[in-house]
Each structure stands twice: as C-alpha cells, then as structure tokens.
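What follows is each chain in one-letter form.
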Amino acid sequence: MAVLVLGGAGYIGSNAVDALIEKKYEVVVIDNLSTGYKISIDKKAKFYEGDIRDRELLKHIFQVEKIDSVIHFAALSLGRESIDNPLKYFNNNIFGTQVVLEVMEEFDIKHIVFSSSATVYGNSKTDYVNEDIETSPLNPYGYSKVVMENMMNWVSKAKGMTFVALRYFNVAGAKKNGTLGEVRPRLIPTVLQVAQGRKEKMTLFGDNYKTKDGTCVRDYIHVRDLIDAHILSLEYLQNGGESNIFNIGAGKGYSNLEVVEAAREITGQPIPLEIIASATGDADALIASCKKIKDTLGWEPQFSDIKEIIEDAWNWQKLYPNGYGEE
C-alpha cells in the first residue's frame, strides 16, 4: 500500500517524500508545481502533475494506485499574501481540502496527516503555546488552517476517518547532504541570499513588537525534525491512534534580529539590514509547547538548534545558488 503525498514537490513535501522512501514506503505524489519543483521529488516516487481541486484526477489516482493514507502539504502559506488575496487562500486551502476529503470518503481512505500551522493561535497571551489555547488567527492563511482542521474533525466524527493535524512553527533548514532545501521567500532563505550577494540587503518588517528587541520572536524547527513528526503521526494512525492535534517546534524562540546575527556568524558575511514599518497580521511571539506530542508519540527534535538550521540551509543555498533547475 502507498502513501499519497499532496504537495510533494514543495519544500516540506519533497523532504517528506525523501524520508518516506528512505523508510521503504511506497509513495505517490500530486503537485501542481505552482510553488514546487519536479526536480526535488525522489525518482522512486510516482508523480502526478495536477491540482488537489481536480476531483477527477484524485479519483483516478485512488482508482489506479493502492493508497491507504494521505499526507497533506498542498496549501498556500504566505500570511502577507493571504491578507492581500484572501479568496485565493480560501479556494486553494479550504475548497481543495474539501475535495480531498470527499474523494477519500468515496474510496474509504481512513487516515490523513495534515500540515497545519502555529498561525492558528494568533497573538497568544502565554510564553509557550499549547494545543488547548483558543485559536485566534490574524490573517486569512491562519484562518484557512483552522477551517481545514475543523473540517477534518467533523469528518472524523461522522465517517470514522482519523487525522493528525501538526501545528508547526517556523520550519527551516535543509537535508543534511544539501540536496533538498527551501526556495520560499522566508526569513532564513532570504537572509542567506543577502549573504551570497544575490540581494542587496535584508529587510525586516517592524521593530515595535512587544519583544525583547522589538522584532518578531519565532520558534524554528528543522525540516527533518518536522518530517519525523509526520511519519510518527502516520504510523500512530495506522496503528489505531485516534484523531489528534499536536504542536511541532523546538520550544525556544529567536527574534528576527537574532536570526540575522546567527546568519552573520555562520556565513561570515556582514548582511546589511533595513527595518521598515510592519504590516498587520503578524503575532509578536510564537513559541511551541511540544509536551503533548513528546508524551504521545515519543517525538524529540534532533536538529533544531538555530545555528544548525542556518548552517544546513546555507549549505543548500551554496549548492543551488539560483534555486532548483537554474544551477
């Protein structure tokens, strides 16, 4: 039986496909390549180019492939973009997930692991965010994740389909050999592009947040630690585990300025910096409490020291200075 990975050509999805193949899973991938790269997909996986909103394509895949579980990475994920274009996010993320769940129900597929996000919490009033805190997203992206979780919860209750939603914090880093990394316009890849001289300067949004240096504080999780949590969650469901929601993070926060300083240390480059007015929709600080997944699944992060994350990301960007397919 095979695992269907939705969005398996993206940064996180391609790392998941790689790790599943390493663990001898049979893997099928669907990706529309809007933010993913075919070159990043392990050649041992079977690839379908297409969109999760394409009901007929999904039905075809379930008809011809022996799928028993789904891992869902196929969501748009830029908070600022979602503020400017909310309907794009609702259509892709919410409607897309509806189609997936409907086709899963039609073919009696019982397990799904879902990549959710810590953005569902918004501006938490506590230092460490646990899963019992009420969700209060600050942008349409975070709101779409809440709706997607709720959809899975209600389908689970009605149809016996079990799910794990992983609310992960800021994922970064790269595969240890430097072959799978991040192209997305996130903080760490962008700061390293400045270190390479591909960008003139690093721009940070805002220094008036309620944090120690005025810049946003985030919990950074290494992509391989995140993928280990996905595979443990999949095995948990396959072994009869009930539907659940888990935080994934390192349990420690770093400000944007601290990340820039760590990148300067790792790369040996000055990394010019400019701070401009902040946009709406960003939380001051988000740090994970991961006690629940540690107690339930025995998961522990292995690679999520910020300097190790940046070093691995730096190694990937040196191998792929212009991104996939443009070496």
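Relevant structure appears above.
Residues numbered from 1 in each chain as written. Predicted model: local features only at pLDDT ≥ 70, side-chain atom pairs only at ≥ 80, totals over all residues. Heavy atoms only, no water.

*Asks:* Please provide a residue-by-residue account of the overall build of the chain, values included.
*Replies:* Each helix and strand counted, the chain has ten helices and 13 strands in total. A globule of 327 residues ought to have a C-alpha radius of gyration of about 20 Å, and the chain, at 19 Å, matches this closely. Seen along its three principal axes, the alpha-carbon backbone of the chain occupies a region of about 55 × 45 × 40 Å. Scored against the burial criterion, the 327 residues of the chain give a buried share of 56%. (Helix = DSSP H or I, 4+ residues; strand = E, 2+ residues; numbered from the N terminus. Rg over C-alpha atoms; globule rule 2.2 N^0.38 Å. Buried < 20%, exposed > 50% of the residue type's maximum accessible area, 1.4 Å probe, protein only.)

*Asks:* Tell me about the nonpolar core, and name the residues and values.
*Replies:* One finds L20, V27, I248 and I293 to be the most contacted residues of the largest nonpolar core, which totals 46 residues. Looking at which element gives the most residues to this core, the answer is helix α7 (residues 223-238), with eight residues. Here V27 is in contact with V3, V5, V17, L20, I21, A45 and K46, once residues within four sequence places are set aside. Counting residues in hydrophobic clusters, the runner-up holds 32 residues, among them A2, V28, V103 and V147. (Core = buried A, V, L, I, M, F, W, Y, C linked by side-chain atoms within 4.5 Å. Contact = heavy atoms within 4.5 Å.)

*Asks:* Could you give me a rundown of unusual backbone geometry, with the residues and numbers involved?
*Replies:* Positive phi, normally seen in glycine, also occurs at L33, with a value near 65°. With relative accessibility at 24%, the residue L33 sits in the partly exposed group. For I271, which is not a glycine, the phi torsion comes out positive at approximately 50°. Of note, I271 is situated in the loop between α8 (256-267) and β12 (273-276). Exposure remark for I271: the relative accessible area of 1% places this residue in the buried category.

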